[in-house]
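# What the coordinates show
As a plain string of letters, each chain reads:
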Amino acid sequence: MIDVPDAYYAANHGLTLFIDGEAQTAAEVAPFVELVRQAIAEIGGINVPGVLIEDKGPIVALHYRMAASEADAVAAIESAIAGSPAARGFTIHHGRKVIELRPPLPLNKGTAATSLLDRITPAAVICLGDDVTDIDMFRAVQASGIPSAVIAVANDEETGVMEAAEYFVRGVEGVERLLEQVLTAIP
């Protein structure tokens, strides 16, 4: 998604790390890629307009942000998941207008942050997040002992992320302003 030389980052809730321009995925994640495709085939018949199914490799995300009735969308998604034998191989996670099926592995944004911090040993960290899945990352950064600023990106949905952060900015525009200020402060 990005082509920034020397950038290290994590994707898929920490299941994949990008280091030195290469994706690194733990071996135990591989079997879930095919299982996701099976789950999508079994779940794919959700008949609620506005529900989008996203194949994220070892994860499937069922977005309902565009649905006219969130309650109907969630009920349809949960029913489809319950009827899918392949979906039973995953853990269910609720996020900001999304339900995800993720491998039941002890990997998350927190473990990814710890791994990245151990590899690059930064002098300081700015950590931004807007959803419940970011709380593990916040905690890992705070526990690292590295000077940090843990910042929630405020939104209208209650996710608990605001309580887990030390600071907050408002929306994407707030993130842009923050990063512009950081860039001006770096010599």
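In what follows, the accompanying structure is described.

## Side note on the overall build of the protein
What the protein contains, in helices and strands, is six helices and ten strands. Radius of gyration (C-alpha) of the protein: 18 Å, near the 16 Å computed for a compact globule of 187 residues. Overall size of the protein, expressed as C-alpha extent along the three principal axes, is 55 × 35 × 30 Å. Counting over 187 residues, the protein shows a buried share of 37%. Contacts in the protein between residues far apart in sequence, at least 24 positions, make up 52% of those at least 6 positions apart. Working note: accessible area of the protein is about 10,600 Å², and carbon and sulfur atoms make up 56% of it. The centroid of the 12 positive side-chain charges in the protein is displaced by 3 Å from the centroid of its 26 negative side-chain charges.

## Comments concerning the pairing of strand 2 (residues 16-19)
In this structure, strand 1 (residues 9-11) lies alongside strand 2, joined through three bridges in antiparallel fashion. For Ala 10, the partnering residue across the bridge sits in strand 2 and is Leu 17. Between strand 1 and strand 2, which pair antiparallel and follow one another directly, the connecting turn spans four residues, one of which, Asn 12, has a positive phi of 50°. The pairing of strand 2 with strand 3 (residues 22-25) spans four bridges and is classified as antiparallel. In the strand pairing of strand 3, Ile 19 is matched with Glu 22.

## Some remarks on the environment of Val 141
With respect to the secondary-structure elements, Val 141 resides in helix 4 (residues 135-143). Of the residues examined, Val 141 reaches a relative accessible area of 2% and is grouped as buried. Through-space distance from the C-alpha of Val 141 to that of Ile 126 is 9.0 Å; in sequence the pair is 15 residues apart.

Cut-off values and rules
- Residues numbered from 1 in each chain as written.
- Predicted model: local features only at pLDDT ≥ 70, side-chain atom pairs only at ≥ 80, totals over all residues.
- Heavy atoms only, no water.
- Helix = DSSP H or I, 4+ residues; strand = E, 2+ residues; numbered from the N terminus.
- Rg over C-alpha atoms; globule rule 2.2 N^0.38 Å.
- Buried < 20%, exposed > 50% of the residue type's maximum accessible area, 1.4 Å probe, protein only.
- Contact = heavy atoms within 4.5 Å.
- Areas by Shrake-Rupley, 256 points an atom, 1.4 Å probe, with all protein chains shown as cover.
- Lys, Arg positive; Asp, Glu negative; His and termini not counted.
- Charge placed at Lys NZ, Arg CZ, Asp CG, Glu CD.
- Pairing = 2+ DSSP bridges.

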